[in-house]
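Read off the chains here:
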Amino acid sequence: QVQLVQSGGGLVQAGGSLRLSCAASGSSVSSNAMGWYRQAPGKQRGLVAAITSGGSTRYADSVKGRFTISRDNAKNTVYLQMNSLKPEDTAAYYCNVVVFTETFTIPGPNWGQGTQVTVSS
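Overview of the structure.

How each quantity is defined
- Residues numbered from 1 in each chain as written.
- Predicted model: local features only at pLDDT ≥ 70, side-chain atom pairs only at ≥ 80, totals over all residues.
- Heavy atoms only, no water.
- Core = buried A, V, L, I, M, F, W, Y, C linked by side-chain atoms within 4.5 Å.
- Buried < 20%, exposed > 50% of the residue type's maximum accessible area, 1.4 Å probe, protein only.
- Helix = DSSP H or I, 4+ residues; strand = E, 2+ residues; numbered from the N terminus.
- Contact = heavy atoms within 4.5 Å.
- Patch = residues over 30% accessible without salt bridge, like charges linked within 9 Å, V, L, I, M, F, W, Y side chains within 5 Å.
- Areas by Shrake-Rupley, 256 points an atom, 1.4 Å probe, with all protein chains shown as cover.
- Salt bridge = Lys/Arg side-chain N within 4 Å of Asp/Glu carboxyl O.
- Disulfide = S-S within 2.5 Å.

## Quick word on the nonpolar core
Reasoning step 1: Core analysis: the largest hydrophobic core is formed by 28 residues, its most contacted members being Trp36, Leu80, Met82 and Tyr93.
Reasoning step 2: Listed by contribution, the elements that provide at least two residues to this core are strand 3 (18-25), strand 4 (33-39), strand 5 (46-51), strand 7 (67-72), strand 8 (77-82), strand 9 (91-100) and strand 11 (115-120).
Reasoning step 3: Setting aside its immediate chain neighbours within four residues, Leu80 contacts Leu18, Arg19, Leu20, Trp36, Val48, Ala49, Phe67, Thr68, Ile69 and Tyr93.

## Some remarks on unusual backbone geometry
Reasoning step 1: Its identity as a non-glycine residue notwithstanding, Asn76 has a phi of 50°, on the positive side.
Reasoning step 2: Looking at where Asn76 falls in the secondary structure, it is placed in the loop between strand 7 and strand 8.
Reasoning step 3: Despite not being glycine, Ser84 has its phi angle at roughly 50°, a positive value.
Reasoning step 4: On the secondary structure map, Ser84 appears in the loop between strand 8 and strand 9.

## Focus: a nonpolar patch on the surface
Reasoning step 1: A surface patch of nonpolar side chains, amounting to about 300 Å² of accessible area, comprises Val99, Phe104 and Ile106.
Reasoning step 2: Mapped onto the elements, Val99 comes out in strand 9.
Reasoning step 3: A relative accessible area of 47% places Val99 in the partly exposed class.

## Side note on the state of the cysteines
Reasoning step 1: All told, the structure shown has one disulfide when counted by the stated rule.
Reasoning step 2: Between the sulfur atoms of Cys22 and its disulfide mate Cys95 the distance is 2.0 Å. Disulfide Cys22-Cys95: the torsion about the S-S bond is 65°, which places it as right-handed. You can see Cys22 sitting in strand 3 and its partner Cys95 sitting in strand 9, a full 73 residues away along the chain.

## A short note on the pattern of salt bridges
Oppositely charged side chains can form a pair if their charged atoms are brought close together.
Reasoning step 1: Taken as a whole and judged by the stated rule, the model has three salt bridges.
Reasoning step 2: Of the charged contacts, one joins Arg38 and Asp89 as a salt bridge, the two residues approaching to 2.9 Å between their closest N and O atoms. With Arg38 in strand 4 and Asp89 in the loop between strand 8 and strand 9, the pair connects residues that are 51 residues apart, well separated along the chain. Taken individually, Arg38 and Asp89 each receive the classification buried, so the pair is uniform in this respect.
Reasoning step 3: Note that Lys64 and Asp61 form a salt bridge whose closest N and O atoms lie 3.0 Å from each other.
Reasoning step 4: Since its relative accessible area comes to 49%, Lys64 is described here as partly exposed.
Reasoning step 5: Among the residues examined, Asp61 registers a relative accessible area of 64% and is labelled exposed.
Reasoning step 6: A network of salt bridges, in which partner residues are shared, links Arg38, Arg66 and Asp89.

Listed below in structure tokens is the structure:
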């Protein structure tokens, strides 16, 4: 069973940058599609970015051009680099193994513990 441990996040001013990390154990990041999701208070959890084992990526329209998902197979870790942060990016961020189809990105049952990102205006 995969276990996902997240780090990074915190409080940043609008326009700033943060990097989130998601270290996996029990499963290889290199052989799985991985995704980052976020959930703001009162809203549903939604996909932010995903990356396949082959390196194909998918981003929510709201973060395209600002966020970058990447993977370090040697460290079995997935990253989310977040630049030009906006107050509307404030949310709890979660990583997960995903099923990445042509149309959908479906999260697995085992979420990371979550990381709070707060962007002040």
